[in-house]
Amino acid sequence: MYTTIIFDIDGTLINTEQAVLGSLQKMLKHNYNRDMSQQDLAFVLGIPGAASLRQLGIEDVDHANKCWNDHMKEYYHTIHVYEGIQVLLTDLRKESITTGVVTSKTHQEFLDDFVPFGLVRELPYVICADDTKQHKPHPEPLLQFLEISGAQAEAAIYIGDTIYDYECARDAGVDFGLALWGCKQPNAIPAKHKFEHPKELLLFTDGRMTVVRTNHKSR
């Protein structure tokens, strides 16, 4: 049984794909006169914005990231919490499971993009991109989470939707659960568990909750 469940945010707790890719696409066109398809930009999902911009060959990263975040506001109406997440988090809190997030968002992006959905009260431990020197897929963010929460790696699982999440968990010695509801390449990402719906993490027996450890075959 897992006593700690750690979540990624984008593609796991909330659907931000259209907002992230649409705003980046618009920023690149408006600020750099670069036309790129969202498919070609999909690699940015799951890594910090600054790292994404460097991979795109942009030198003025701070300015570009600010412009990107400004355009992101235009897409806030497209962001939503995945079905079943609120119920899952509430049930985990009731059963005294340690929860939190490890995200590639900066603290400001966390405040702007995630806090308004009201899920933070169920997620007391938070590691953002500016909390560590190294970022996903490096294990440092998850190791930092274990340190501040006092959780044990062998009793923890990280839920995410990208290969970066898997590699981070693997190298931190934490089990990985793939959130199929937000994952675009389920067959390309190894995982100890693959979940079709958030409710699959829970199993109630005699009034107690345990976390499902049943493997799902890749589709």
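On a predicted model such as this, the values are computed, not experimentally measured, just so you know.

The rules behind the values
- Numbering of residues starts from 1 in each chain and follows the order in which that chain's sequence is written.
- Selection of residues for local features in this predicted model requires a pLDDT of at least 70, selection of side-chain atom pairs for listing and counting requires 80 or more, and totals for whole chains, interfaces and linings are taken over all residues.
- Excluded from the side-chain calculations are hydrogens and water; all other atoms, namely the structure's heavy atoms, are used.
- Secondary structure elements follow DSSP: runs of H or I of four or more residues count as helices, runs of E of two or more count as strands, with numbering from the N terminus.
- Put simply, the radius of gyration uses C-alpha atoms, and a globule should come to 2.2 Å times the residue count raised to 0.38.
- The contact criterion used is simple: two residues touch if any of their non-hydrogen atoms lie within 4.5 Å.
- A residue counts as positive if it is Lys or Arg and as negative if it is Asp or Glu; His and the chain ends are not included.
- Throughout, a charge is located at the NZ atom of Lys, the CZ atom of Arg, the CG atom of Asp or the CD atom of Glu.
- Strands qualify as paired when DSSP identifies two bridges or more between them.
- An axis is simply a line fitted to the C-alpha atoms; with a helix, the fit covers only the stretch in contact. Between two such axes, the angle follows the N-to-C directions and lies from 0 to 180 degrees.
- Geometry of aromatic contacts follows a simple scheme: Phe, Tyr and Trp rings, the Trp one being its six-membered ring, pair when their centres are within 6.5 Å, and the pair is stacked under 30 degrees between planes, edge-to-face over 60, tilted otherwise.
- Only protein chains enter the accessibility calculation, which uses a 1.4 Å probe. A residue is then buried if its area is under 20% of the maximum for its type, exposed if over 50%, and partly exposed in between.
- Directions are taken from the helix axis to each C-beta atom, and the arc is the one they span.
- Each residue carries a pLDDT score, the predictor's own confidence in it, on a scale running from 0 to 100.

Here we come to the overall build of the protein. Within the protein, the secondary structure is distributed over eight helices and 10 strands. A compact globule built from 219 residues should have a C-alpha radius of gyration of about 17 Å, and the protein, at 17 Å, falls within 12% of that. In terms of overall dimensions, the protein has a C-alpha envelope of 60 × 30 × 30 Å along the principal axes. In the protein, 62% of the contacts between residues at least 6 apart in sequence involve partners at least 24 apart. In the protein, the 21 positive side-chain charges and the 30 negative ones have mean positions that sit 4 Å from each other.

Pairing is parallel across the open sheet formed by six strands, whose spatial order is β5-β4-β1-β6-β7-β8. Bordering the open sheet on either side are β5 (125–127) and β8 (193–195), each of which pairs with just one other strand. Averaged over all adjacent pairs, the angle separating strand axes in this sheet is 25°, with direction ignored. In terms of strand pairing, strand β1 (residues 4–7) meets strand β6 (residues 156–160) through four bridges, oriented parallel. The partner of F7 across the bridge, within β6, is I159. In the packing of helix α7 (residues 140–149) onto the sheet, contacts are made with β1, β4 (98–102), β5 and β6, and the angle to β5 comes to roughly 150°.

The next point concerns the packing of aromatic side chains. Each aromatic ring pair is specified by the distance between its two centres and by the angle formed by the two planes. A complete count under the given rule lists three aromatic pairs for this structure. Where Y125 meets F145, the ring centres are 6.0 Å apart and the plane angle is 75°; that geometry is what we call edge-to-face. Of this pair, Y125 sits in strand β5 while F145 is found in helix α7, placing the two residues 20 residues apart along the sequence. We classify Y125 as partly exposed; its relative accessible area is 28%. Each ring, one from Y166 and one from F176, has its centre 6.0 Å from the other, and the planes form 65°; the classification is edge-to-face. Of this pair, Y166 sits in helix α8 (residues 163–172) while F176 sits in strand β7 (residues 175–179), and the two are 10 residues apart along the sequence. Accessibility expressed as a relative area gives 18% for Y166, which makes it buried. Judged by its relative accessible area of 3%, F176 falls in the buried class.

Next up on the list: unusual backbone geometry. Cis geometry marks the peptide bond from K136 to P137, where omega comes out at 15°. Tracing the backbone through its elements, the reader meets P137 in the loop between β5 and α7. Of note, the phi angle at N33 is positive, near 55°, even though the residue is not glycine.

This brings us to helix α6 (residues 107–114). Within the span of α6, buried status applies to E109, F110, D113 and F114. Buried residues in α6, looked at end-on, bunch into an arc of 105°, giving them a common side. The inward-facing, buried residues of α6 contact β2 (14–15), α4 (61–72), β4 and β5.

Here we take up the confidence of the model for the protein. A low pLDDT score tells you not to read the predicted coordinates there in detail. With 92% of its residues at a pLDDT of 70 or more, the protein shows a mean pLDDT of 91. In the model, residues 204–219 has pLDDT below 50 throughout and makes 43 contacts with residues more than four positions away in sequence or in other chains.

This part is about the side chain of S52. By the element assignment, S52 lies in helix α3 (residues 49–55). Non-local contacts of S52, meaning those with residues more than four positions away in its chain, are made with F43, V44, I47 and W68.

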